[in-house]
Structures are given as structure tokens and as C-alpha cells.
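# Working through the structure, step by step
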Amino acid sequence: MTEVATARRSRITPEREAELYGAVLDLLREVGYDALTMDAVAARTKSSKATLYRQWGGKAELVAKAVRHSKPGAALGEVDTGSLRGDLHALTLRSDDCDLEQNSALMRGLAMAIHGNPDLLQAFKEHLIEPETAQFRRVLQRAVDRGEVRADNPAIDFVMHMMIGGFAARSLIDEQPPTQAFLLSYIDAVVLPALGATAC
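Residues numbered from 1 in each chain as written. Predicted model: local features only at pLDDT ≥ 70, side-chain atom pairs only at ≥ 80, totals over all residues. Heavy atoms only, no water.

## Here's the deal with the side chain of Thr45
Topologically, Thr45 is positioned in helix α3 (residues 38–45). Judged by relative accessible area, which is 4%, Thr45 ranks as buried. At 2.7 Å, the side chain of Thr45 forms a polar contact with the backbone oxygen of Val41. Look past the residues within four positions of Thr45 in its chain and what remains in contact with it is Arg16, Leu20 and Ala23. (Helix = DSSP H or I, 4+ residues; strand = E, 2+ residues; numbered from the N terminus. Buried < 20%, exposed > 50% of the residue type's maximum accessible area, 1.4 Å probe, protein only. Polar contact = N/O pair within 3.5 Å; in protein donor to acceptor, adjacent residues only side chain to side chain. Contact = heavy atoms within 4.5 Å.)

Next comes the structure, spelled out in C-alpha cells:
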């Protein structure tokens, strides 16, 4: 059998892929990254471990892609409301408060795991951080092109830092999960003024 035929035969449907990613996230919430095993994923999803390794290579890549798949901002670059404020608000409103709370807890656990796992860090950079950074750059470039943000504004390089910081600090400082209302207020009070963009 040719290599191409083998690859075609091993391809899984988008529905099956989404089901697998959902199971991975459920397991992560139950046991954490360190205790998550490919055996457990295979058992939970009624898959063979060989299939999982063939499709994802290992646990780090599978987890990173599962998190990426679950994020409603995956198509951020396609959002274009006509204003930077509108784009950032539209992104925030794609997750309800329940989703935000679950994602916050999940990311706190993964942040700890990333510190001790270079493979997980690399997978997150490749599949989550770099793609999202590129998408934010496209949104910001549109804002520059519209004249909302000056091209030489130094805050442009720190938008991802600000967004992640607000999300993480809500739990750390206020001991509350991030909510839509909090994040929308944070965007208007912190992110947009730093960029010199209007919050109206």
C-alpha cells in the first residue's frame, strides 16, 4: 500500500476529531496533564493507542490541539466588525461565563504543567500561542489601516500579554473566574486606551 493511501485511510472525520478533543479536555479536567495518559484517552474514546499516536504523535500535541480546537477565538482573524473594539468584544462574547470559568481552571492547571514539560511548551507555542498571535496581528493591522491605532504604538506588541494577563489576574487577584462583563470592561479600560483606540 502506498504512503498516500495509508495516510488517506488513517484520516479521521472532523466530527470524530471533535469528539476526541472533547474527551481529552474532560480527562484533563478530571486528572490533570501529568496523570493523563494516551491509554486513558484511547479507552475513553474507544480508539486504538496506535491511531492516537499516528494522528497526533504524542500527548503534548494532542492536548495542545484539543485546547486550540475548543477555543471560540480560533477564527479571530475572520472577525471584522469594522472597529477594533467591536472585534475584541465579538471575540469575548463567543464564550459564555460558564465556558470562561471552565477554560480558566483548565489553563491554570496546564500553565503549571507547561513549566516542567518542554514538549508541552513547544506544542502550545506551535498550535496555540503562535497562531493566536498571528490572528491578533491581523486584527490590529486592520485597526492600523482604518486609522484607529498608530502603527508605531509600542503597545501593539503586547496585546496578547494584556489579554492573557487580564484573564489570569481575575482569578489570582480577585479570586473570581473571568466573566464576559469583566473582560469587556478590561478591554475598554486597559487594552484600547493602551493602543490609543476609542472605547466608544
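There's plenty left to go through after this.
## Section: the side chain of His89
Mapped onto the secondary structure, His89 falls in helix α6 (residues 84–92). Among the residues examined, His89 registers a relative accessible area of 11% and is labelled buried. For His89, the side chain forms a polar contact with the side chain of Asp188, separated by 2.9 Å. Excluding anything up to four places from it in sequence, His89 contacts Leu184, Ile187 and Asp188.

## Notes on the pattern of salt bridges
Applying the stated criterion across every chain yields a total of 14 salt bridges. Glu19 serves as the salt-bridge partner of Arg16, at 2.9 Å between the closest nitrogen and oxygen. Residue Arg16 and its partner Glu19 are located together in helix α2 (residues 14–31), separated by three residues, close to a single helical turn. Ionic pairing is found between Arg170 and Asp174, a salt bridge with its closest N-O pair at 3.1 Å. In this pair, Arg170 and Asp174 both sit in helix α9 (residues 159–174), four residues apart, roughly one turn of the helix. Assessed through its relative accessible area of 34%, Asp174 is described here as partly exposed. Within this structure, Asp80, Asp87, Arg142, Arg146 and Glu148 form a network of salt bridges that share partners. (Salt bridge = Lys/Arg side-chain N within 4 Å of Asp/Glu carboxyl O.)

## Section: the confidence of the model for the protein
When pLDDT is averaged along the protein, the result is 86, and 92% of the positions lie at 70 or above. No element of the protein has a lower mean pLDDT than helix α1 (residues 3–10), which averages 41, and none a higher one than helix α10 (residues 180–195), which averages 95. With pLDDT under 50 throughout, residues 1–9 is counted as low confidence; its partners more than four residues away or in other chains account for two contacts. (pLDDT = per-residue confidence, 0-100.)

## Details of a negative patch on the surface
The grouping of Asp96, Asp97, Asp99 and Glu101 at the surface amounts to a negative patch. By secondary structure assignment, the location of Asp97 is in helix α7 (residues 97–115). Judged by relative accessible area, Asp97 falls into the partly exposed class, the value being 37%. (Patch = residues over 30% accessible without salt bridge, like charges linked within 9 Å, V, L, I, M, F, W, Y side chains within 5 Å. Areas by Shrake-Rupley, 256 points an atom, 1.4 Å probe, with all protein chains shown as cover. Lys, Arg positive; Asp, Glu negative; His and termini not counted. Charge placed at Lys NZ, Arg CZ, Asp CG, Glu CD.)

## Quick look at the packing of α2 against helix α5 (residues 59–70)
The geometry of a pair of packed helices is captured by two quantities: the angle between their axes and the separation between those axes. Their axes nearest at 9 Å, the elements α2 and α5 cross at an angle of 105 degrees. Classified by the angle between their axes, α2 and α5 sit roughly perpendicular to one another. Of α5, the residues touching α2 (which contributes Ala18, Tyr21, Val24, Leu25 and Leu28) are Leu62, Val63, Lys65, Ala66, Val67, His69 and Ser70. Among the residues making up the contact of α2 with α5, the classes are represented as nine nonpolar, two polar and one charged. (Axes fitted to C-alpha atoms, helices over the stretch in contact; angles between N-to-C directions. Parallel < 35°, antiparallel > 145°, perpendicular 65-115°, else oblique. Nonpolar A, V, L, I, M, F, W, Y, C, P; charged D, E, K, R; others polar.)

## Section: the nonpolar core
Soluble globular proteins: nonpolar side chains tend toward being buried together. If you look at the biggest cluster of nonpolar residues, it comprises 27 residues, and the most contacted ones within it are Leu28, Val63, Leu110, Leu120 and Phe124. Looking at this core, the elements with two or more residues in it are α2, α3, α4 (49–56), α5, α7 and α8 (118–145). With sequence-adjacent residues up to four places away left out, Val63 is seen in contact with Val24, Leu28, Tyr33, Leu36, Leu110, Leu120 and Phe124. By size, the runner-up hydrophobic cluster in this structure holds 20 residues, among which are Leu84, Val159, Met163 and Leu192. (Core = buried A, V, L, I, M, F, W, Y, C linked by side-chain atoms within 4.5 Å.)

## Observations regarding the packing of aromatic side chains
What describes a pair of aromatic rings is the distance from one ring centre to the other and the angle between the planes of the rings. This model, assessed by the stated rule, comprises two aromatic pairs. Ring centres of Phe182 and Tyr186 lie 6.1 Å apart, and the angle between their planes is 25 degrees; on these two criteria the pair is classed as stacked. Of this pair, Phe182 and Tyr186 both sit in helix α10, four residues apart, which is roughly one turn of the helix. Since its relative accessible area comes to 16%, Tyr186 is described here as buried. In this structure, Lys59 is placed above the aromatic ring of Tyr33, and the distance from its NZ or CZ to the ring centre is 4.2 Å. (Phe/Tyr/Trp six-rings, centres within 6.5 Å; stacked < 30°, edge-to-face > 60°. Lys NZ or Arg CZ within 6 Å of the ring centre and 35° of its normal.)

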